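# What the coordinates show
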Amino acid sequence: MNETMVCAVGRVATQPVYREMASGPSARFRMAVTARYWDREKNTWTDGHTNFFTVWANRQLATNTAASLTVGEPVIVQGRLKVRTDVREGQSWTSADIDAVAIGHDLAWGTSAFRRAGKPETASAPTQPEPNWEAPPGGSPDSANAPAQQPPEAAALT
C-alpha cells in the first residue's frame, strides 16, 4: 500500500464534532502538535513551531472520540496523512488531515480509565458469563481467608 501512516502526539485544540452520516458516525477535531527542543544557551526547553491537523474518525472510533476527548487533553493519533490543497476566493490553501485508525490519551501527562463501549445486543447471540480472571477455577485453600478485593477506582485525568 502506498499510504503515508503517521503517529502524531499533541493536544486536542477544538471540541470534537460528532455527526451521524449515511455511511455511519463521523467525528472530527483539530489537534495541535508543538515541537520542543533543548535551548543550550538558555538551558531550558523551548517551544518550536506548532502544526495543526484536522483529525477524522469514523464508525465506533468516532463515537468513542466524541465521548472521550475534550479541549486541552494530551492525545496520540495514528492514521493516514492526507495533505489537501484548495483555492478559496482566489487564494491557495493547504491543509493536513489525519484519517485516524487509533486515538488515545497520552499517559505521560496523566491517567485515564478505560471503559469498553457497549455493543448493540442481538437476539441470536448466546450469552456467556464473563470469566473471573481474579481467582483460579475451583478456588484456592487460601481464598476463604483472603479479604474481598475491591475494584480499582477510576483516576481523574489531570
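See the structure printed just above.
Here goes a summary of the coordinates provided. Throughout this document, residue positions are counted from 1 along each chain, in the order its sequence is written. Only residues with pLDDT of at least 70 get local features here, since the model is predicted, and only at 80 or more are side-chain atom pairs given and counted; chain-wide, interface and lining totals rely on the full set of residues. Excluding hydrogens and water, the side-chain values take into account all heavy atoms of the structure.

The way it works is that DSSP assigns letters per residue, a run of H or I at least four long becomes a helix, a run of E at least two long becomes a strand, and they are numbered from the N terminus. Position of I98 relative to the elements: it lies in strand β6 (residues 91-105). Using a 1.4 Å probe on the protein chains alone, a residue whose accessible area is under 20% of its type maximum counts as buried, one over 50% counts as exposed, and one in between counts as partly exposed. For I98, a relative accessible area of 1% gives the class buried. Note: C-alpha distance between I98 and A57 (41 residues apart in sequence) is 8.7 Å. If we skip the residues at most four places from it in the chain, I98 touches V6, A8, F53, T54, V55, W56, V77, G79, R80 and L81. Should any heavy atoms of two residues lie within 4.5 Å, those residues are considered in contact.

You can see D106 is positioned in the segment after β6. Lacking a salt bridge, the buried D106 has R11 as its closest oppositely charged neighbour, with an N-O distance of 7.2 Å. N or O atoms within 3.5 Å of each other form a polar contact, as long as, within protein, one can give a hydrogen and the other can take it, and as long as residues adjacent in sequence are counted only when both atoms are side-chain atoms. Among the polar contacts made by the side chain of D106, one reaches the main-chain amide nitrogen of A108 at a distance of 3.1 Å. Other than its neighbours up to four places away in sequence, D106 contacts V9, P74, V75 and I76. Just so you know, the count uses Lys and Arg for positive and Asp and Glu for negative, and it drops His and the chain ends. We count a salt bridge whenever a side-chain nitrogen from Lys or Arg sits within 4 Å of a carboxyl oxygen from Asp or Glu.

Shape is all these values report; function is a separate question.
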